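# Reading the structure
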Amino acid sequence: MTTILVTGATGTLGRLVTERLRDGGHEVRALSRHAPRYAVDLIRGGSGLDAAVSGVDTIVHCATSPRGGDEKAAANLIAAARRAGVAHLIYISIVGVDRVPLGYYRTKSAVERLTEESGLGWTVLRATQFHDLPVQLFAVLSRLPVVLLPAGVADQPVAAAEVADRLAELAQGAPAGRVADMGGPEVRTFASLARSYLKATGRRRAVVNVPLMGRTYRAFRAGGHLTPERAVGRATFEQHLAQRCQDGGRG
């Protein structure tokens, strides 16, 4: 069995990947700013990062922050991985980072390039957004009497657990380069997802589609963030909502 480092290991995805790899019998090092043993800020790097990657065969890089710093964090991680002789770096990205001119997407695309040019064996998986993202969005929007949504925009949410399964599988294999994208089972309009959310949470709200302006909106409306030909996920948005309600989360 190999020694695998998972960054962002206390986050939604990283925690699931860590669990799956440990269940598979691997030695897993869980790295994050708040991890009990490997508490490392990737943006700062330093000796703690070098200690975390020493003796590691594979790194699954799940750490990310919409607030910025991902490129610096990746550069520090790659430099430490080179020094340690890591054989395989896996990066989880987002479908459409090269098609949607959103700042966070540009950053993810830049980290993809760093990974590809790292000199390490590498694998990049792009997935659509997790089910929790529209849930969080609708939780905020439904505080008002009317839920206002961008007109003509669809989404293809996927279960984080299924992406974790795929990453764990990739971590146990050889470097594969850019692998096939992973999308949720359904391409759905925002309005239909919002109505499912409102029904599941017992909220009564009008849903209104509002046309927007700008390149980013046009790219989303054109489906740049979707991968209908790779609708390989199984869990639907309604199944996710049902599980959240069963677990006591109403959004």
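Heads up: the structure comes first, above all this text.
Since the model is a prediction, treat every value here as computed from it, not as a measurement.

It is worth spelling out the packing of aromatic side chains at this point. Under the definition given, this model contains three aromatic pairs. Centre to centre, the rings of Y105 and F220 are 6.0 Å apart; their planes meet at 75°, and the pair counts as edge-to-face. Taken together, the residues span a long stretch of sequence, with Y105 in helix α4 (residues 103–116) and F220 in helix α8 (residues 215–221) at a distance of 115 residues. For the residue pair Y105 and F220, the accessibility class agrees, reading buried in each case. Seen from their ring centres, F138 and Y197 are 5.9 Å apart, and the 45° between their planes marks the pair as tilted. On the criterion of sequence distance, the pair formed by F138 in helix α5 (residues 132–141) and Y197 in helix α7 (residues 190–201) is long-range, its members being 59 residues apart. Take F138 and Y197: they sit in the same class, and that class is buried.

Here we take up the side chain of D181. Looking at where D181 falls in the secondary structure, it is placed in the loop between β9 (177–178) and β10 (188–189). With a relative accessible area of 13%, D181 lands in the buried category. A polar side-chain atom of D181 sits 2.9 Å from a polar atom in the side chain of R178. Leaving out residues up to four positions away in the same chain, D181 has contacts with V95, R126, T227 and R230.

Each regular strand carries side chains that alternate between the two faces of the sheet. What you see with strand β4 (residues 58–61) is no split at all: T58 and V60 on one side and I59 and H61 on the other are buried throughout. As paired strands, strand β1 (residues 3–7) and β4 are joined by four bridges and run parallel to one another. Among the inter-strand pairings, L5 is bridged to a residue of β4, identified as I59. Bridge count for β4 against strand β5 (residues 88–94) is four bridges, and the pairing is parallel. Bridge assignment links H61 to a residue of β5, and that residue is Y91.

Where α5 meets helix α9 (residues 237–246), the closest approach of the two axes is 10 Å, and the angle between their N-to-C directions is 70°. Our classification of the angle between α5 and α9 gives roughly perpendicular. Crossing geometry of α5 relative to α9 is assigned as right-handed. When α5 is examined against α9, the residues D132, P134, V135 and F138 are found in contact with a partner set consisting of F237, H240, L241 and R244. Its residues assigned to classes, the contact of α5 with α9 comprises five nonpolar, one polar and two charged.

Formed by 25 residues in total, the largest nonpolar core has its most connected members in V6, V17, V60, V163 and L167. Examining the composition of this core, we find that seven residues originate from one element, helix α6 (residues 160–171), more than from any other. Those residues in contact with V60 that lie beyond four places of it in its chain are I4, L5, V6, T7, V17, I90, L167 and A171. Counting 23 residues, the second largest nonpolar core, distinct from the first, contains L149, A191, A194 and Y197.

Criteria and cut-off values
For every chain, the first residue of the written sequence is number 1, and numbering continues from 1 along that sequence. In keeping with the predicted nature of the model, local features appear solely for residues at pLDDT of at least 70, side-chain atom pairs appear and are counted solely at 80 or more, and the whole-chain, interface and lining totals rest on all residues. Calculation of side-chain values draws on the structure's entire complement of heavy atoms; hydrogens and water are dropped beforehand. A pair of Phe, Tyr and Trp rings is counted when the ring centres sit within 6.5 Å of each other, with Trp represented by its six-membered ring. The angle between the planes then sorts it: under 30 degrees is stacked, over 60 is edge-to-face, the rest tilted. The helix count covers DSSP runs of H or I at least four residues long, the strand count covers runs of E at least two residues long, and both are numbered beginning at the N terminus. The buried label applies to any residue whose accessible area, calculated with a 1.4 Å probe on protein chains only, is under 20% of its type's maximum; exposed applies above 50%, and partly exposed to all values in between. Here a polar contact is taken to be a pair of N or O atoms separated by no more than 3.5 Å, where protein atoms must pair a possible hydrogen donor with a possible acceptor and residues adjacent in sequence count only if both atoms sit in side chains. Between two residues, a contact is recorded if the distance between any of their heavy atoms is within 4.5 Å. When DSSP locates at least two bridges between a pair of strands, those strands are taken to pair. With axes taken as lines fitted to C-alpha atoms, and helix axes fitted only over the stretch in contact, angles between N-to-C directions fall between 0 and 180 degrees. Angles are sorted into four bins: roughly parallel if under 35 degrees, roughly antiparallel if over 145, roughly perpendicular if 65 to 115, and oblique for all others. Crossing chirality is assigned from the near helix's rotation relative to the far helix, an anticlockwise turn below a right angle marking it left-handed and a clockwise turn marking it right-handed. The classification used treats Ala, Val, Leu, Ile, Met, Phe, Trp, Tyr, Cys and Pro as nonpolar, Asp, Glu, Lys and Arg as charged, and all other residues, Gly among them, as polar. Buried residues of nine kinds, namely Ala, Val, Leu, Ile, Met, Phe, Trp, Tyr and Cys, make up a nonpolar core once their side-chain atoms join them within 4.5 Å.

Purely geometric stuff here, so don't read any function into it on its own.
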